[in-house]
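Residue-level structural notes
The lines below spell out each chain.
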Amino acid sequence: MEGNMNLTLKVWRQKNAKSEGRFETFDVKGISEDMSFLEMFDVLNERLISETKEPIAFDHDCREGICGMCSMYINGHPHGPKQTTTCQLHMRSFKSGDTITVEPWRAAAFPVIKDLAVNRSSFDRIIASGGFVSVNTGNARDANSLPIPKENADLAFMAAACIGCGACVAACKNASAMLFTSAKVSQLSLLPQGQAERQMRAEKMVAQMDAEGFGACTNTGACEAECPKGISIENIARMNREYLSASVSSNKEY
Amino acid sequence: MSWVTKTLSSSLGKKLIMAVTGLSLIAFLLVHCGINACIFFNDGGETFNHAAEFMGTNWLIRTTEIGLFAGLILHILDGLKLWYDNNAKRPVKYAIVAGNNSTWYSRSMGLLGTLLLIFLVIHLRHFWVVSRFTDVITSGQKTLFQEMAEVFANPVPVVIYVLGCISLAYHLLHGFQSAFQTMGWNHPKYTPFIKSVGAGFAILIPLVFAAMPIAMYLQIIK
Ligand code: FES
């Protein structure tokens, strides 16, 4: 796939978590506007490899906007100028001659592993602390045996669309994980299956979120504006409700 | 740690303290603005002086005042703590921040709050200290209205007060609706109403406050 876009890339290079990083500038030529942003990086990395230089490390997996791995902070926006994932961002969103600055997600809770790849296992630990439902083994239940109001099913589904990419943390001035955590809390607390662990979930997930070193929420709404899946900050209000009511009413301290 | 301190020291709890103290300060602003707006009767400050005397001597009001100061101090300390903590959550800053994903004032609540604190020190020195800790007013030397007219004859305080009101407007524009979101009150039926009341409050109250020094400086009210 040959094209006629020529770009200047300013990319954050950092050898490992301990070393100091810096920006490195690359000229990339012959980029097609139909390429995705990651494919543009592939072209650059192929060139670096053929020049026996170290290719740029970045995370990616599905490349179809569902896994949430492709974390790049492009020209001041997580996932770049469009409300989509980096893998779904196309080069036609830029003009030939543009200078594009690419940084890793910046947060104390997301330490840089190498170049643009960051460690997001803090999200895994938040999920492990309470983002689950317990299901007993046995025969599968009849479908639709549990009545769920359509509105709740829709809201839960919209919250479940979160792919855990961390763009909310990257966008937030406080590096807060409220949008992510609240989407997970909402998704389960809205459904009958999530009731058993409901109080424990809200309390434990918030405690884990704080322990991981994410910031508090200033309600700026930057997370919602940048989220590639359009997760609403209504979920944050719901988590606030869940947490506060669990704190005052749970029989046990979690 | 008891469950109360655990809850209140979590990130959500710290925000809850901001919301509750903030809303009580909003309630205070409404009363303060209402009393002071009595100067607009333009009766040489008679109605205003009456109202001010009532506020300064009524035991119920004086008791509430202690709560008000406690709330204010808590709002300031908790706000500074949040500001400091949040700043540390991104040790390496971005080279480029687009900044168009949220309003500038929602991201600047700490800064606006600090400006308000500076204004508040000046403001308390002007009127509260004079009426409570000196006998200028109680001895009948001057009325509070005359004290106001004297302060606002000078353009410097007038400019400071107008700037203070602008900071207040932006602080409220975000703070009012943000407090409800923090308390979990985001609801399709009420949120649009809360947002418009908040915006109206954030514009109207500072506007009425700012009109006072301006009107006195221009001698429209005397
Ligand atoms: S690579 Fe999976 S969402 Fe982008």
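Here, the structure is the one placed above.
Residues numbered from 1 in each chain as written. Chains lettered and ligands numbered in written order. Predicted model: local features only at pLDDT ≥ 70, side-chain atom pairs only at ≥ 80, totals over all residues. Heavy atoms only, no water.

Details of the environment of A:Asn219
Here is the rule we go by: Each helix is a run of DSSP H or I of at least 4 residues and each strand a run of E of at least 2, with the numbering of both proceeding from the N terminus. Residue exposure (1.4 Å probe, protein chains only): buried if accessible area is under 20% of the type maximum, exposed if over 50%, otherwise partly exposed. By definition, residues are in contact when any of their heavy atoms lie within 4.5 Å.
Along the chain, A:Asn219 falls in the loop between helix H6 (198–211) and helix H7 (222–226). Its relative accessible area of 10% is what places A:Asn219 among the buried residues. Expressed as a C-alpha distance, the spacing of A:Asn219 and A:Gln83, which sit 136 residues apart in the sequence, is 19 Å. Discounting residues that sit within four places of it in the chain, A:Asn219 has contacts with B:His174, B:Ser178, B:Gln181 and B:Thr182.

Things to note about helix H2 (residues 121–130) of chain A
Residue and element names in this part refer to chain A. Quick note on the threshold: The arc refers to the directions leading from the helix axis to the C-beta atoms.
Within the sequence span of H2, burial applies to Ser-122, Phe-123, Ile-126, Ser-129 and Gly-130. Take H2 and look down its axis: the buried residues cluster within an arc of 120°, on one side only. Along H2, exposed side chains directed more than 90 degrees from the buried face belong to Asp-124 and Ala-128. Looking at the buried residues of H2, the elements they touch are helix H4 (167–171), helix H5 (178–189) and H6.

Describing the packing of aromatic side chains
Applicable threshold: For this analysis, a ring pair means two rings from Phe, Tyr or Trp (six-membered ring only for Trp) whose centres lie within 6.5 Å, classed as stacked if their planes differ by under 30 degrees, edge-to-face if by over 60, and tilted for the remaining angles. Distance and angle both matter: a charge sits over a ring if NZ of Lys or CZ of Arg is within 6 Å of the ring centre and within 35 degrees of the ring normal.
Enumeration according to the criterion identifies 22 aromatic pairs over all chains in this entry. With centroids separated by 5.3 Å and ring planes inclined at 45°, the aromatic side chains of B:Tyr105 and B:Tyr170 adopt a geometry described as tilted. A residue pair is termed long-range when its members are at least 10 positions apart, and B:Tyr105 in the loop between helix H4 (59–88) and helix H5 (109–133) and B:Tyr170 in helix H7 (residues 155–182) qualify at 65 residues. On the accessibility criterion, B:Tyr105 (17% relative accessible area) is buried. Classification of B:Tyr170 as partly exposed rests on a relative accessible area of 30%. The ring of A:Phe23 has A:Lys10 lying over it, and the distance from NZ or CZ to the ring centre is 5.2 Å. The ring of A:Trp12 carries A:Arg106 above its face, with NZ or CZ at 4.2 Å from the centroid.

A closer look at the side chain of B:Ser178
As for its position among the elements, B:Ser178 is in helix H7. Residue class for B:Ser178 comes out buried when judged on its relative accessible area of 6%. Beyond its immediate stretch of four places on either side in the chain, B:Ser178 contacts A:Thr218 and A:Asn219.

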